[in-house]
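# Structure at a glance
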Amino acid sequence: MFTLHKTDKARRWGTLLTGHGTVPTPCFMPIATTGAVKTLSPGDVKALGASMILTNTYHLLLRPGMDVLKDLGGLHGLMGWAGPLLTDSGGYQVFSLSRLNKTTEDGVEFQSHIDGSHLFLTPERSMEMQMAIGADVLMQFDDVAAGGSPRERAEEAMERSLRWATRCKDYFSSCKPHSTSDKLFGIVQGGTHEDLREQSARALVDIGFDGYAIGGLSVGEAREDAYRIVRGATPLLPNDRPRYFMGGGMPEEIVYYVHQGVDLFDCVLPTRNARHGTLFVWRGHPSTIQWREDKTDFYERLHITNEQYTRDDSPVDPLCDCPTCMTTSRAYLRHLFSVGEMLAYRLATVHNLRFYLRLMEALRA
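Let us look at the structure shown here. Because the structure is predicted, anything quoted here is derived from the model rather than measured. (Residues numbered from 1 in each chain as written. Predicted model: local features only at pLDDT ≥ 70, side-chain atom pairs only at ≥ 80, totals over all residues. Heavy atoms only, no water.)

Summing up its helical and strand segments, the protein has 14 helices and 16 strands in all. For 365 residues, the compact-globule estimate of 2.2 N^0.38 gives 21 Å, and the C-alpha radius of gyration of the protein, at 20 Å, lies within 12% of that figure. For the protein, contacts bridging at least 24 residues in sequence account for 67% of all contacts bridging at least 6. Each charge sign in the protein was given a centre, from 39 positive and 44 negative side chains, and these centres are 3 Å apart. (Helix = DSSP H or I, 4+ residues; strand = E, 2+ residues; numbered from the N terminus. Rg over C-alpha atoms; globule rule 2.2 N^0.38 Å. Contact = heavy atoms within 4.5 Å. Lys, Arg positive; Asp, Glu negative; His and termini not counted. Charge placed at Lys NZ, Arg CZ, Asp CG, Glu CD.)

With that settled, the discussion passes to the pairing of strand β15 (residues 278–282). Of all 5 residues in β15, 5 are buried, a share of seventy percent or more. Alternating residues of β15 divide into Thr278, Phe280 and Trp282 and Leu279 and Val281, and every residue in both groups is buried. Alignment of β15 against strand β16 (residues 299–303), held across 5 bridges, turns out to be antiparallel. Bridge pairing in β16 links Phe280 to Arg301. (Buried < 20%, exposed > 50% of the residue type's maximum accessible area, 1.4 Å probe, protein only. Pairing = 2+ DSSP bridges.)

Moving on, we come to empty space enclosed by the protein. Taken as a whole and judged by the stated rule, the model has 1 cavity of 30 Å³ or more. Taken as a whole, the largest cavity holds about 60 Å³ of empty space. Taken together, Ala145, Ala146, Gly147, Gly148, Ser149, Ala154, Gly191, Thr192, His193, Gly216, Leu217 and Glu221 make up the full set of residues lining the largest cavity. (1 Å grid on protein atoms, 1.4 Å probe; cavity = no way out; pocket = protein on both sides within 12 Å on 5 of 7 lines; lining within 4 Å. Points joined across faces, edges and corners; volume = space filled by probe spheres on them.)

In space, the 3 strands of this open sheet follow the order β1-β2-β3, with antiparallel pairing throughout. Since the sheet does not close on itself, it has two edges, and those belong to β1 (2–8) and β3 (21–25), each with one partner. On average, adjacent strands in this sheet sit at an angle of 10° to one another, irrespective of strand direction. As paired strands, β1 and strand β2 (residues 11–18) are joined by 6 bridges and run antiparallel to one another. Bridging from a neighbouring strand, Thr7 pairs with Arg12 of β2. (Axes fitted to C-alpha atoms, helices over the stretch in contact; angles between N-to-C directions.)

Another aspect to go through is the packing of helix α6 (residues 123–133) against helix α7 (residues 151–175). Relative to each other, α6 and α7 sit at 45°, their axes nearing to 8 Å. Regarding the angle of α6 to α7, the classification is oblique. At the point where α6 passes α7, the crossing takes the right-handed sense. From α6, Pro123, Glu124, Met127, Glu128 and Met131 reach across to α7, where they touch Trp164, Arg167, Cys168, Tyr171, Phe172 and Cys175. (Parallel < 35°, antiparallel > 145°, perpendicular 65-115°, else oblique. Left-handed = near helix turned anticlockwise from the far one by under 90°.)

Moving on, we come to the nonpolar core. Core analysis: the largest hydrophobic core is formed by 94 residues, its most contacted members being Phe28, Ile254, Tyr257, Phe265, Trp291, Phe298 and Leu359. It is helix α14 (residues 342–364) that contributes the most residues to this core, 12 residues altogether. Setting aside residues no more than four positions away along its own chain, Leu359 makes contact with Pro251, Ile254, Val255, Trp282, Trp291 and Phe298. Core analysis: the next-biggest nonpolar cluster, separate from the first, contains 17 residues, Phe2, Met29, Met52 and Ile187 among them. (Core = buried A, V, L, I, M, F, W, Y, C linked by side-chain atoms within 4.5 Å.)

Pairing within the open sheet is parallel, and its 8 strands lie in the order β4-β14-β13-β12-β11-β10-β6-β5. Two strands in the sheet have a free side with no partner beyond their single neighbour: β4 (27–29) and β5 (53–56). Mean inter-strand twist for the sheet, computed between neighbouring axes without regard to direction, equals 25°. Both β5 and strand β6 (residues 85–88) contribute to a ladder of 4 bridges, which runs parallel. Of the residues in β6, the one forming a bridge with Leu54 is Leu86. Those strands touched by α6 are β5, β6, β10 (137–139) and β11 (183–188), and its axis lies near 155° from that of β10.

Quick look at the structure:
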């Protein structure tokens, strides 16, 4: 399912084949947590250059629910997205909603943040729900320790994630005759401890997965620690399987991780920053940039709500090819934000998402 076309030191250019199409790598996946990339239609997302999107098991299990998705044939039909889907297993919510859950060896009992109802999510139920969504790439259910956790907590989460990985693989394999194109990824855990990460990676490779993710980062640890862990983890993973960094990050972080041999990325930053009026703009044409792992000066952040843009009739980013920059001035976009017009969020999201997707195009080139 994964073909490497070219490598240069650790960097990789490849193609991931799924049941809903091919994904060129390195690839950035826009996040559609509840079945929608905020303010954009599936057609918008495709037109901006996205080949694969990410959605979330926990949130879709709450609404619309597993039975509805099964009845409707999965999320592809419900949201009108014809391309590949990757699903977060719900493991991240073990960390992000820790005040509302209780973790045991069997699984995690959640109290819904919507209505207070109780939900028990196990590795097997996570697999069942991801299949109901119709994911092309499923993630194992894992236990995520917060950044800065004591070593004991990181080790506990890593070991439990390995046990859950086996349960996920067993359940997934038992359903495999019914779904031959789906792929299951294991998730390397271990906090910022290199020996725990190595133990996790080697055990996951022994279990055997279609791809491997590096999880439990971008959860409060220092950037230098994340860089160190990724540098150490990627050489431990099979060269012929895709590698996925979960949940990060800033543009310069993605550039660094690509140089360490990572293939897949997701992050809320382009859409979240857009809704707050922070836009990523190029400092030079992306086709002329000389990419290095320490490259950090290729963009800047423009805060469009600043008063200085009140009469600025130039494009948001003269070097951008997105629909917003082709039609919208900085002055107009600032005006839309100042009056609370919803169009502002859409136009800004179009731009930021195109920036991230064009970054991946430039890195592949």
